[in-house]
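Chains, contacts and geometry: an overview
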Amino acid sequence: MAPKPKEKPKAAPSPSQPPPPIEDLFTSLNRHIQRSEFTQAVKVANQVLSVAPGDEDAIRCKVVALIKGDNIEEALSAIQSAQKVSFDFSFYKAYCLYRQNKLDEALVFLEKQDKTHSSMLLEAQILYRLGKMDACVDICRNLQRAKIDSLEINLVAGLISAGRVSEVQGTLDTLKVKATSSFELAYNIACSLIEGNKHKDAEQLLLTARRIGQETLTEENLADDDIEIELAPIAVQLAYVQQLLGHTQEAVGAYTDIVNRNLADEPSLAVAVNNLIAMKGPKDISDSLRKLDRLKEKDSQKFQLAHAIDLKLSPKQKETIYANRVLLLIHANKMDQARELVAFLPQLFPDSVMPVLLQAAVLVRENKAGKAEEMLGQFAEKFPEKSKIIFLARAQVAAAAGHHQIAAESLAKVPDIQHMPATVATLVALKERAGDINGAAAVLDSAIKWWKSAMTEDNQLSVIMQEAASFKLRHGKEEDAALLYEELVKSHGSIEALVGLITTVAHVNVDKAEAYEKQLKPLPGLNGVDVDGLERTSGAKHVEDAPHGGLAEAQEDGKIKEKSKKKRKRKPRYPKGFDPANPGPPPDPERWLPKRERSSYRPKRKDKRAAQVRGSQGAVVREKSEASASATNSNSSNLKSNQATSSKGVSQNAEPSRPQSKSSRKKSRN
């Protein structure tokens, strides 16, 4: 055996180098933070902690650097490992939880903090994300005296989301801030104008905001693509304004461009996709579903919004996207997916009625209207504060299914709309179709009673009384109808009511009808008409070119003036290149008939010489067989030729449909 090689002697360990002084480490740490080199700052902070474990300043610098570098999980771990430190990291932990969208937990940690400006600002942001806009606005108002930068942007956003648009201008006046002081504030003010239906003014302010944003971000040396991403919310909102103004093509083009370029932040892209889908409606459903798939988590089999989108969209916006997804699935007849998504929505939006409405829509599409009515009724009983829209939906479902009594009962359970003319008309029609005539009359009587005691400028009493009288007359209640007509004549002096009164009373009391008939004004031009003579005649006969006596008298009285109407002569339109002076030969009147049916058709004569046979008998037989074979070949070749011709004709008449473009996208922002 070969001898084993000798092992090389191990080098003696070099003495460990002493760490740099802690002052130098803090200097380096400060330099990295000033340069936004957060990864290097974390490394230096770890070096400080290796020399001085538990140093509060080093831990704080490390946590802040991790947060700035979007390493939220590592920041929470660093906070957790620093529990023995006397410094309170509740604010930093609350901010990390806020970044993770754990909003309720973040509020719990903020309650342990003293009310500083920073903690109050963070609390306002959390409340805004939770949809508690009034509380958010209250905190921002308390911070007005602190002179915090960009506070007006958050305050205006909170006011708009809280539905307090009327307070926006007063807030700007109090803060002494112009709407164009920044592109973010101009954008928010434009949103308030949209809420106030001032769409033209909003469009102009959005254009100004985009110009200010381009100038500001260019001065900050941002790249063109980064500038476009920063200004994407303004672009989406401009498209939404175009949509509201009725400029459909411009809005669709703007949405499509935003989605195709893919230079927008996640919330703006989601809004653009959703609005584009809403504008297209049930057209090209497959393309709309593919666009929505861009918004979901990539690894998820089910439809669930991506984390970045779910984090930044408001609950209302997320609910709208999910609702549009369900409606598209229903239109595409993908009922299994629709049913699965609808079952998941109550967990996402527990305080909303949209999930139960979508469940009802799925059941109606599956021809289960009765089950949908039962489900909506149970939900309304369980949550009476949300029952108004539920009862309205139940009434619509029942009416469409022909369940008129259930529809009327559901509509009658919405008390604050019972007196409105539209509701009264719907209830009367439903009860009438259900055969409940007395119930319909009771609805009309109740509405009349309400409007008699109502102190409103837009009083609808006369309209409802007129309809009630007509309804009762139609159903044989002449006395009740006469009382209503009589009251209308006395209170409003309505000519229509007077005519109805005369017609109604004539069935009961002719003398009273004649007395009311005298209140009607005589019609002009009927002075010379003999009514008794007209009643004795068998009927009027039309005589051409006969003078109209009544009209002549009316003209003599100066009450009717007849204006001669001249028919406008339109210039005939000729085909392109046609000269009416030289029209040429007239077209063949039989050009639409088949050739065999035309008078000029002459059938081709058969060649008699083909029938002559010469030669011996055997030659005749051979020639006949050859002629038969050639005829067969000729027929088969004609058949193939005809097939080819017909195939060509099909290809010319039915062009293949062009492939659908996959570049179109959706949405707008509001």
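As the structure is a computational prediction, the values presented were derived from the model and not from experiment. (Residues numbered from 1 in each chain as written. Predicted model: local features only at pLDDT ≥ 70, side-chain atom pairs only at ≥ 80, totals over all residues. Heavy atoms only, no water.)

The helix and strand tally for the chain stands at 33 helices and zero strands. A total of 670 residues make up the chain; the buried ones form 35% of that total. Contacts in the chain between residues far apart in sequence, at least 24 positions, make up 51% of those at least 6 positions apart. In the form shown here, the chain has an accessible surface area of approximately 44,500 Å², with 51% of it arising from carbon and sulfur atoms. (Helix = DSSP H or I, 4+ residues; strand = E, 2+ residues; numbered from the N terminus. Buried < 20%, exposed > 50% of the residue type's maximum accessible area, 1.4 Å probe, protein only. Contact = heavy atoms within 4.5 Å. Areas by Shrake-Rupley, 256 points an atom, 1.4 Å probe, with all protein chains shown as cover.)

Approximately 650 Å³ is the volume found for the second largest pocket. Looking at the second largest pocket, it is lined by 21 residues, and the ones nearest its centre are Pro315, Lys318, Leu348, Phe349 and Pro350. Breaking the lining of the second largest pocket down by element, the ones donating at least two residues are α6 (103-111), α7 (117-130), α18 (307-312), α19 (315-331) and α20 (335-348). With five residues, α19 is the single largest residue contributor to the lining of the second largest pocket. Its residues placed into classes, the lining of the second largest pocket shows nine nonpolar, three polar and nine charged. (1 Å grid on protein atoms, 1.4 Å probe; cavity = no way out; pocket = protein on both sides within 12 Å on 5 of 7 lines; lining within 4 Å. Points joined across faces, edges and corners; volume = space filled by probe spheres on them. Nonpolar A, V, L, I, M, F, W, Y, C, P; charged D, E, K, R; others polar.)

Detailed reading of the predicted coordinates is not advisable wherever pLDDT is low. Predicted confidence across the chain gives a mean pLDDT of 81, with 81% of residues reaching 70 or more. Scored below 50 in pLDDT, residues 558-562 shows seven contacts in the model against residues more than four places distant or in partner chains. (pLDDT = per-residue confidence, 0-100.)

With respect to the secondary-structure elements, Glu152 resides in helix α9 (residues 151-161). Despite being buried, Glu152 has no salt bridge partner; Arg141 is the closest side chain of opposite charge, sitting 12 Å away. Glu152 has contacts with Leu175, Val177 and Leu185, leaving out every residue within four places of it along the chain. (Lys, Arg positive; Asp, Glu negative; His and termini not counted. Salt bridge = Lys/Arg side-chain N within 4 Å of Asp/Glu carboxyl O.)

Positionally, Lys318 belongs in helix α19. Given the relative accessible area of 13%, Lys318 is considered buried. Those residues in contact with Lys318 that sit more than four places away from it in its chain are Leu305, Asp310, Leu313 and Phe349.

Looking now at a negative patch on the surface. Taken together, the side chains of Glu184, Glu219, Glu220, Asp224, Asp225, Asp226 and Glu230 present a region of like negative charge at the surface. Per-element tally for the negative patch: the top contributor is helix α13 (residues 224-230), with four residues. Take Glu219: it is sitting in helix α12 (residues 199-219). Residue Glu219 is classed as exposed on the basis of its relative accessible area, which comes to 68%. (Patch = residues over 30% accessible without salt bridge, like charges linked within 9 Å, V, L, I, M, F, W, Y side chains within 5 Å. Charge placed at Lys NZ, Arg CZ, Asp CG, Glu CD.)

An ideal rise of 1.5 Å per residue puts 30 Å on 21 residues; α12 measures up with 30 Å between its terminal C-alpha atoms. Taken as a whole, α12 has its buried residues at His199, Ala202, Glu203, Leu205, Leu206, Ala209, Ile212, Gly213 and Leu217. In the segment just after α12, Asn221 is the residue with positive phi, at about 65°. (Expected span 1.5 Å × (residues − 1).)

Using the criterion set out here, one finds nine aromatic pairs in the structure. Site record: aromatic cluster; members linked through ring pairs are Phe87, Phe89, Phe91 and Tyr92. Lys386 extends its terminal NZ or CZ atom over the ring of Phe383, reaching a point 5.1 Å from the ring centre. (Phe/Tyr/Trp six-rings, centres within 6.5 Å; stacked < 30°, edge-to-face > 60°. Lys NZ or Arg CZ within 6 Å of the ring centre and 35° of its normal.)

Moving on: α6. If you check which residues of α6 are buried, you get Leu103, Ala106, Leu107, Phe109 and Leu110. Viewed along the axis of α6, the buried residues span an arc of 165°, placing them on a single side of the element. Away from its buried face, by an angle of more than 90 degrees, α6 presents the exposed residues Asp104 and Glu111. In this fold, the buried residues of α6 make contact with α5 (90-99) and α7. (Arc of directions from axis to C-beta.)

What follows concerns the nonpolar core. Among the nonpolar cores identified, the biggest contains 86 residues, and Ile126, Ile234, Leu292, Leu295, Ile321 and Val326 are the most heavily contacted of them. When sequence neighbours within four positions are dropped, the list of residues in contact with Val326 reads Leu341, Val342, Leu345, Leu358 and Val362. Ala407, Ala469, Ala482 and Leu498 belong to the second-largest nonpolar core, a separate cluster that totals 52 residues. (Core = buried A, V, L, I, M, F, W, Y, C linked by side-chain atoms within 4.5 Å.)

Counting through the fold element by element, Ala338 comes out in helix α20. Taking the C-alpha atoms as reference points, Ala338 and Arg325, separated by 13 residues in sequence, lie 8.2 Å from one another. If we skip the residues at most four places from it in the chain, Ala338 touches Leu329, Ile330 and Val362.

On to the packing of helix α16 (residues 266-280) against α19, then. α19 packs onto α16 with a crossing angle of 40° between their chain directions and a minimal axis gap of 10 Å. One way to sum up the angle between α16 and α19 is to call them oblique. Crossing angle aside, the handedness with which α16 passes α19 is left-handed. Contacts between α16 and α19 pair Ala270, Val271, Asn274 and Ile277 from the former with Gln317, Thr320, Ile321, Asn324 and Leu328 from the latter. (Axes fitted to C-alpha atoms, helices over the stretch in contact; angles between N-to-C directions. Parallel < 35°, antiparallel > 145°, perpendicular 65-115°, else oblique. Left-handed = near helix turned anticlockwise from the far one by under 90°.)

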